Amino acid sequence: MIDAFLDRLGETRPVRPDLACLRNLHRAWRERVPYENLDVQLGRPVSLDPEALIDKIVVRGRGGYCYEQNGALALLLEAVGFEVTMVEAGVMREQRGDGQWGNHNALLVTIGGETWLADVGIGDGFLEPLPLRELACDQDGLVYRIERLDRTTWRVHHHPGGTISSYDLRTEARELGDFAARSRELTTSPSSPYVTTLMAARPAGGATALLLSRTVRHLGATRGEPRILAGRDEFADVLARDFLVPLDDLGESGVDELWEAAGRQDDLWRTRIRG
């Protein structure tokens, strides 16, 4: 299994449970496994079963969203020999309250007595793991800050200008199956942003390329001008080239269905803006 993961990430053996390896695997994952919700947009169920995650992300070369991404990364890190604890997180809990708990997961990796936060489930998240202690960390010109709220609760402040402002995590160990019900809700509810908005994200040239419906943005230390995709072929090219999505895995009509769905989403967004 390790070899298949390493091939997917463009990494080679030997791998060992040390900090250098963790950093390499985390960065390679962020760069090669796109954050995306295309199965949700196509009405396909999202499974958190380990075999399904390996099939989707490793064998078929796809990406996924937070539970899928961090669930699969945990499988790899555990296989290498890392001490990994999956934990519950709440994106935007600082602003929206305790109802946010469980809408995200993250990984705590212990190496030589120090705990590191690994998280490949935020579209424009950090490229390398962060030490779980109060600090500000600069990665490629983007500053992330970790704050301790109490004995078991931490707040991760995202870089300014990112897709989120912060998320909280608590250090009690959880299993991936604990998130199954919330995942079903987030991937099927008509009010969920994963249902209402096509998303894809991937690091690119010191920034993050972010696709929302038919609009591409670049987020980083500075923001580029948004670009609205002009047609179905450009949309397909961007998915394949910029977000490394294997188009054949979407099915014969998958790209067409996604392009049409993204258009309906953009139309609705423009209607709301005009209103």
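It should be noted that the structure appears before, not after, this text.
Residues numbered from 1 in each chain as written. Predicted model: local features only at pLDDT ≥ 70, side-chain atom pairs only at ≥ 80, totals over all residues. Heavy atoms only, no water.

Points about the pairing of strand E10 (residues 199-204)
Most of E10 is tucked away: five of the six residues are buried. Direction of pairing for E10 relative to strand E11 (residues 207-212): antiparallel, over a ladder of six bridges. Each residue of the ladder has a partner; that of Ala201, found in E11, is Leu210. In this structure, the hairpin formed by E10 and E11 is closed by a connection of two residues, where Gly205 is found at a positive phi of approximately 55°. (Buried < 20%, exposed > 50% of the residue type's maximum accessible area, 1.4 Å probe, protein only. Helix = DSSP H or I, 4+ residues; strand = E, 2+ residues; numbered from the N terminus. Pairing = 2+ DSSP bridges.)

Thoughts on the nonpolar core
Counting 45 residues, the largest nonpolar core has Leu25, Trp29, Leu77 and Phe82 as its most contacted members. Put simply, the parts of the chain that give this core at least two residues each are helix H1 (2-9), helix H2 (19-32), helix H4 (50-59), helix H5 (66-80), strand E2 (83-91), strand E3 (104-111), strand E4 (114-118) and E10. Element by element, the count of residues in this core is highest for H5, at nine residues. Residue contacts for Leu77: discarding those within four places in its chain leaves Leu22, Leu25, Phe82, Val84, Leu107 and Val109. Counting 21 residues, the second-largest nonpolar core is a separate cluster that includes Met92, Leu108, Leu132 and Leu135. (Core = buried A, V, L, I, M, F, W, Y, C linked by side-chain atoms within 4.5 Å. Contact = heavy atoms within 4.5 Å.)

Observations regarding the layout of surface pockets
Quantified by volume, the largest pocket comes out at close to 780 Å³. Along the wall of the largest pocket there are 29 residues; nearest its centre are Val91, Ile164, Pro193, Tyr194 and Met199. Residue assignment for the lining of the largest pocket shows that the elements contributing at least two residues are helix H7 (180-188), helix H8 (193-196), E10, E11 and strand E12 (215-219). Ranked by the residues each element gives to the lining of the largest pocket, the list is headed by H7, at three residues. Broken down by class, the residue content of the lining of the largest pocket amounts to 14 nonpolar, ten polar and five charged. (1 Å grid on protein atoms, 1.4 Å probe; cavity = no way out; pocket = protein on both sides within 12 Å on 5 of 7 lines; lining within 4 Å. Points joined across faces, edges and corners; volume = space filled by probe spheres on them. Nonpolar A, V, L, I, M, F, W, Y, C, P; charged D, E, K, R; others polar.)

Some thoughts on the environment of Val91
Topologically, Val91 is positioned in strand E2. Along the sequence, Val91 and Pro50 sit 41 residues apart, while their C-alpha atoms lie 24 Å from each other.

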